[in-house]
Amino acid sequence: MKNFNLNRIGLLLKLDLMQNRKKYLQTLGGLLLGHLFLEFITYFKASRGGLFFEGFTADMLSGHLAGMMASYEMMFGYVIMLLCFSSLFNHLPDKVNRTYMLMLPATNHEKLLSRVLICLVLLPVCFLATMALGDGLRMLFFPLLGQGFDSMLPRFYSVLTDGLEFFCRGMFTTDAKVEFWALAGFQFCGLTFYALGGTIFRRRNFIYVSLLLIGFGLLMATLLGSLPDTMVAWMEATWGKVAGAVLFWGVAAFNLWLTWYRFKNMQVIPRKLFGK
């Protein structure tokens, strides 16, 4: 069997989508409900004419609400991204599904890549699509309450692209590039923990990993608060920031390797915590 075959990856994607279509439809419904909830808490009162500030014109209010909605969607999107990483292996919760996966006529690379495409490409696209649908439904029905407002999508994409441009420029063209690389490594390291958690906890891995990271964060905050001033000064210096960036990216790389190692050595009856 070839190590990599696009046709087999396409068949794996089709098989996954067909067999789990009910779950994916429920996910789409949940995303849409989440967007509609954010639209409601942002625009409902204003649509009824009860949220006008002194000196605000209708256009200014529309821009203000669009900015609020864009901020809410960015936070919602970050949570969804964490869920996407933690969902890479949620199709293998029990022995029946693991046996079926191991018997598929495809390589481990292809099996994992098909899940990456679904969880890290298709689901984020679905997030954006349901966000646009939710905003369209709000623009269609909320004017019936008394007043309508323009779409928030231009503001959202402006915030998103400006943020990405600012971050990329900071990583490659500014004097503070070390801090940006450290921050990017910190964020990516957190995402890889959620992917790794899917190979350790078969069920509710998002909750378990979140609790562990929160506990670890509180512990590290306590330890850092007790460090001597000389150590804090070294950490704030350039070399300390470089060490932090190397540490975060190194841990992220190790997490990815360990995730792949555990996946390719997956057994029908696992020897792991909370296995089933």
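Read on for a plain summary of the structure. (Residues numbered from 1 in each chain as written. Predicted model: local features only at pLDDT ≥ 70, side-chain atom pairs only at ≥ 80, totals over all residues. Heavy atoms only, no water.)

## Remarks on the packing of helix H3 (residues 58-86) against helix H6 (residues 153-172)
Where H3 contacts H6, the two axes come as close as 8 Å, and the packing angle between them is 55°. One finds that H3 runs oblique with respect to H6. Once H3 is placed against H6, the crossing between them reads as right-handed. Contacts from Gly63, Ala66, Gly67, Ala70, Glu73 and Met74 of H3 reach H6 at Arg155, Phe156, Val159 and Leu160. Here the residues of the contact of H3 with H6 are counted per class, giving six nonpolar, two polar and two charged. (Axes fitted to C-alpha atoms, helices over the stretch in contact; angles between N-to-C directions. Helix = DSSP H or I, 4+ residues; strand = E, 2+ residues; numbered from the N terminus. Parallel < 35°, antiparallel > 145°, perpendicular 65-115°, else oblique. Left-handed = near helix turned anticlockwise from the far one by under 90°. Contact = heavy atoms within 4.5 Å. Nonpolar A, V, L, I, M, F, W, Y, C, P; charged D, E, K, R; others polar.)

## A look at the environment of cysteine 84
Take cysteine 84: it is sitting in helix H3. Taking C-alpha positions, cysteine 84 is 8.6 Å from alanine 195, a pair spaced 111 residues apart along the chain. With sequence-adjacent residues up to four places away left out, cysteine 84 is seen in contact with Cys119, Leu120, Leu123 and Pro124.

## Section: the packing of aromatic side chains
Counted under the stated rule, the structure contains 17 aromatic pairs. Relative to phenylalanine 142, the ring of phenylalanine 44 lies with its centre 6.5 Å away and its plane at 80°, an arrangement referred to as edge-to-face. A residue pair is termed long-range when its members are at least 10 positions apart, and phenylalanine 44 in helix H2 (residues 21-47) and phenylalanine 142 in the loop between helix H5 (108-141) and H6 qualify at 98 residues. Overall, the relative accessible area of 27% leaves phenylalanine 44 in the partly exposed class. (Phe/Tyr/Trp six-rings, centres within 6.5 Å; stacked < 30°, edge-to-face > 60°. Buried < 20%, exposed > 50% of the residue type's maximum accessible area, 1.4 Å probe, protein only.)

## Focus: the nonpolar core
Tyr43, Met152 and Phe263 are the most contacted members of the largest nonpolar core, which has 36 residues in total. Every element with two or more residues in this core is listed here: H2, H3, H5, H6 and helix H7 (177-200). Top contributing element to this core by residue count: H3, with 10 residues. Not counting chain neighbours up to four residues away, the residues in contact with phenylalanine 263 comprise Phe89, Leu92, Met101, Asn108, Lys111 and Leu112. (Core = buried A, V, L, I, M, F, W, Y, C linked by side-chain atoms within 4.5 Å.)

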